[in-house]
Structure formats: structure tokens, C-alpha cells
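Survey of secondary and tertiary structure
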Amino acid sequence: MLRHLLSEIFGIVAATGAGLRTPGSADSALIDDLVAANWILAQQGVIDGFGHVSARHDKHPDRFLLARSMAPALVTAADIMEFGLDSEALDARGRTPYLERFIHGEIYRTRPEVQAVVHSHSPAVIPFGVVEVALRPVFHLAGFLGAGVPVFEIREAGGPATDMLVRDPALGAALARTLGDAPVALMRGHGNVVVGGSIREAVFRAIYTEVNARLASEALRLGGGRVVFLNPDEAAAAAATNRAQIGRPWELWKEQALAGRR
Ligand code: MN
């Protein structure tokens with residue numbers, strides 16, 4: 001009883017006290033996975049000098065972790081910053097954040113189940129954001145695309161003369177609205193955003209979104225536009241099967257990314 005009372009009191013103090021905004025409490029394994037995700041996505045050609053990947057904080061769901069503004073392949077644990085859902089840094093310490101951090105904050109705000117977000121300009125996906133041909137799954141590993149891939153038109157939220165970047169909360173919120181409950185949204189003339197229930201799932205989806213776009217373009221060319229895509233039932237069933245398998249390629253990609261750094 002006393003122990004229960006004490007834990008209640010400490011809980012209230014933790015929730016209301018000065019420690020509320022104190023960063024630095026994220027699980028080190030989560031930070032390690034986030035650093036690995038940066039290296040993997042760079043090594044797999046999804047991100048290059050640009051693009052970023054974030055994770056929701058494991059103890060404070062109203063915070064997320066994202067590297068300072070730098071090339072993802074060079075990120076280490078010391079570069080990981082903490083942000084509130086307003087995408088303002090809690091621990092800047094002179095570090096410059098990414099201009100497009102609002103992509104992450106506004107998605108975490110509207111999608112409580114999302115634990116990781118990847119924003120990239122992965123090249124094979126770009127054409128699908130600028131033509132009338134939808135990005136659909138051509139093979140089982142991209143089954144998660146089967147429920148449809150919305151396209152974000154920044155002119156609708158930002159007018160006809162933006163620099164294409166999601167550089168403020170309003171544009172981030174507009175992108176999150178376009179994403180809705182989908183795993184992937186394309187950003188016309190810019191890139192895409194991919195979410196997952198874990199860092200591994202978001203990385204898996206980001207890589208296979210790029211692979212599927214490459215294969216779909218090839219199939220559309222070969223078939224003169226006539227392609228047999230997975231139907232929605234096949235896509236959903238394949239996605240459910242794959243969800244249990246994402247650890248396998250993660251280990252491979254991680255090893256390859258580490259090997260690339262040796
Ligand atoms: Mn971008």
C-alpha cells in the first residue's frame with residue numbers, strides 16, 4: 001500500500017515536475033536502431049545527402065528522436081536530438097535541426113500508432129508523384145501499398161510558389177492529412193514519406209517502396225501500361241505475412257551498412 005502510494009506520488013511529480021521537458025531518457029537500443037536505420041537507408045539508396053528517419057520516444061510518446069541536419073550516412077548517436085510534437089528541439093545545444101522536421105512531428109501527432117517515419121527523395125518513386133499512374137504493388141513484398149498511395153500536392157496547402165519543402169507546422173499538418181491512415185504518401189515533385197509501427201517496419205517499407213516503384217516502372221514500360229498488380233486481398237494477405245519477416249532483411253541490411261563503414 002505504501003509502495004503503491006509512493007509510486008503514485010512519484011508518478012504525479014514526474015508528470016508535472018521540472019523534469020517533464022528534460023531530454024536524454026530514450027532507450028539506448030532505440031537510438032542504436034535509429035542510427036542503424038540512417039546507415040541502412042543510405043546504403044540501400046533510399047536517402048543520400050538528404051532525407052531523414054525518426055523514431056517516437058519510447059518513454060514520452062509526445063516526443064520524437066531525429067538527427068541534426070546532416071547526411072544520414074554520417075549520423076552517430078551524438079547527433080540524435082529530441083523534439084516535441086511541435087517539432088521544436090528540446091536539446092538543441094547549438095545543433096541545427098532539419099528544415100523538414102515538421103513532417104515527423106505532425107505525423108506523430110495525428111497517428112498515435114506510428115513509431116517511426118522516413119522522409120526521402122528515393123528516385124524511382126518520384127515519377128509516380130508527377131503522372132496520372134498510381135503507385136501500386138507489383139510484387140508481394142510491397143503488399144503494404146495495396147490500400148492505395150495518396151499524393152501530397154503542396155500547392156493546395158502552400159500556394160503556387162513554395163520551395164517544395166515541408167518547412168512549417170501547417171504544411172506538415174497538410175501532409176499528415178493527405179497521408180491519412182496509409183503507410184506511404186508521395187510528395188509531388190519532391191519525394192515521399194513512409195511510416196511504420198517500428199523503425200524496422202518503416203525501413204522495410206521505405207526500401208520496398210523504392211524497389212516496387214522501380215519494378216512498376218519497368219512493368220508499365222514492358223506492358224505498354226497494362227500490368228497485373230496485386231489485388232487488394234492479395235496485397236493485404238502478403239503484407240500480413242511480411243510483417244512477421246521484417247527482422248530478417250533488417251539484419252542483412254544492418255550488416256551490409258556496417259560493412260560499408262569498415
Ligand atoms: Mn525533402
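In case you missed it, the structure is sitting above this.
The rules behind the values
Residues numbered from 1 in each chain as written. Predicted model: local features only at pLDDT ≥ 70, side-chain atom pairs only at ≥ 80, totals over all residues. Heavy atoms only, no water. Core = buried A, V, L, I, M, F, W, Y, C linked by side-chain atoms within 4.5 Å. Buried < 20%, exposed > 50% of the residue type's maximum accessible area, 1.4 Å probe, protein only. Helix = DSSP H or I, 4+ residues; strand = E, 2+ residues; numbered from the N terminus. Contact = heavy atoms within 4.5 Å. Donors = N, O, S within 2.8 Å, 3.2 Å for Na, K, Ca; no water. Pairing = 2+ DSSP bridges. Axes fitted to C-alpha atoms, helices over the stretch in contact; angles between N-to-C directions. Polar contact = N/O pair within 3.5 Å; in protein donor to acceptor, adjacent residues only side chain to side chain. Salt bridge = Lys/Arg side-chain N within 4 Å of Asp/Glu carboxyl O.

1. Let's talk about the nonpolar core
Of all hydrophobic cores here, the largest spans 76 residues; its most connected members are Leu-41, Ile-107, Ile-199 and Val-203. Of the residues forming this core, the biggest block, eleven residues, is contributed by helix α6 (residues 199–222). Beyond its immediate stretch of four places on either side in the chain, Leu-41 contacts Val-46, Ile-47, Val-53, Val-118, Val-203, Ala-206 and Ile-207.

2. A few points about the coordination of the manganese ion
Protein-derived coordination of the manganese ion comes from Glu-100 (OE), His-119 (NE2), His-121 (NE2) and His-190 (NE2), at a distance range of 2.1 to 2.2 Å. Here the donor residues of the manganese ion share one chain and are spaced in sequence as E-x18-H-x1-H-x68-H.

3. Examining the sheet that holds strand β2 (residues 63–67)
Overall, mixed pairing links the seven strands, which are arranged β3-β2-β1-β4-β7-β6-β5 in an open sheet. The sheet is open, and its two edges are formed by β3 (80–84) and β5 (151–152), each paired on a single side. Bridge count between strand β4 (residues 116–120) and strand β7 (residues 191–196): five bridges; the pairing is antiparallel. Looking across to β7, one finds that Val-117 is bridged to Val-195. The sheet contacts of helix α2 (residues 28–43) involve β1 (52–56), β2, β3 and β4, and relative to β1 the element is tilted by about 160°.

4. Here we look at the environment of Arg-167
Structurally, Arg-167 can be placed in the loop between α4 (154–158) and α5 (169–179). A relative accessible area of 37% places Arg-167 in the partly exposed class. Between the alpha carbons of Arg-167 and Arg-101 there is a distance of 7.5 Å; along the sequence they are 66 residues apart. Not counting residues up to four positions away in its chain, the partners in contact with Arg-167 are Leu-99 and Phe-102. Of note is the side chain of Arg-167, whose polar atom sits 2.6 Å from the side chain of Asp-163.

5. Re unusual backbone geometry
Despite not being glycine, Ser-87 has its phi angle at roughly 65°, a positive value. Position of Ser-87 relative to the elements: it lies in the loop between β3 and α3 (102–110). Residue classification places Ser-87 among the buried positions, given a relative accessible area of 0%. For Met-164, which is not glycine, the phi dihedral falls at a positive 80°. One can find Met-164 in the loop between α4 and α5.

6. A look at α5
Among the residues of α5, those classed as buried are Leu-171, Gly-172, Ala-174, Leu-175, Ala-176 and Leu-179. Structurally, α5 contributes buried residues whose contacts are with α3, β5, α4, β6 (184–187) and β7. Sitting at the amino-terminal end of α5 is Asp-168, which places a side-chain oxygen 3.1 Å from the backbone nitrogen of Ala-170. Positive phi shows up at Gly-180, right after α5, with a value of about 55°.

7. Some thoughts on the environment of Gln-256
Along the polypeptide, Gln-256 turns up in helix α8 (residues 247–261). Residues Gln-256 and Glu-106 lie 150 residues apart in sequence; the distance between their C-alpha atoms is 32 Å. Excluding residues that lie within four positions of it along the chain, Gln-256 makes contacts with Gln-43 and Gln-44.

8. Description of the pattern of salt bridges
Across all of its chains, the model carries 13 salt bridges by this definition. Linking Asp-33 and Arg-200 is a salt bridge whose minimum nitrogen-to-oxygen distance equals 3.2 Å. Here Arg-200 lies in helix α6 and Asp-33 lies in helix α2, a separation of 167 residues in the sequence. When its relative accessible area of 16% is taken as the criterion, Asp-33 is described as buried. Relative accessible area serves as the criterion here: at 28%, Arg-200 is assigned to the partly exposed category. A salt bridge links Arg-200 to Glu-251; the shortest N-O distance between them is 3.8 Å. Of the two residues, Arg-200 sits in helix α6 while Glu-251 sits in helix α8, which places them 51 residues apart along the sequence. Glu-251 sits in the partly exposed class, given a relative accessible area of 46%.

Read these as spatial facts, not as claims about activity.
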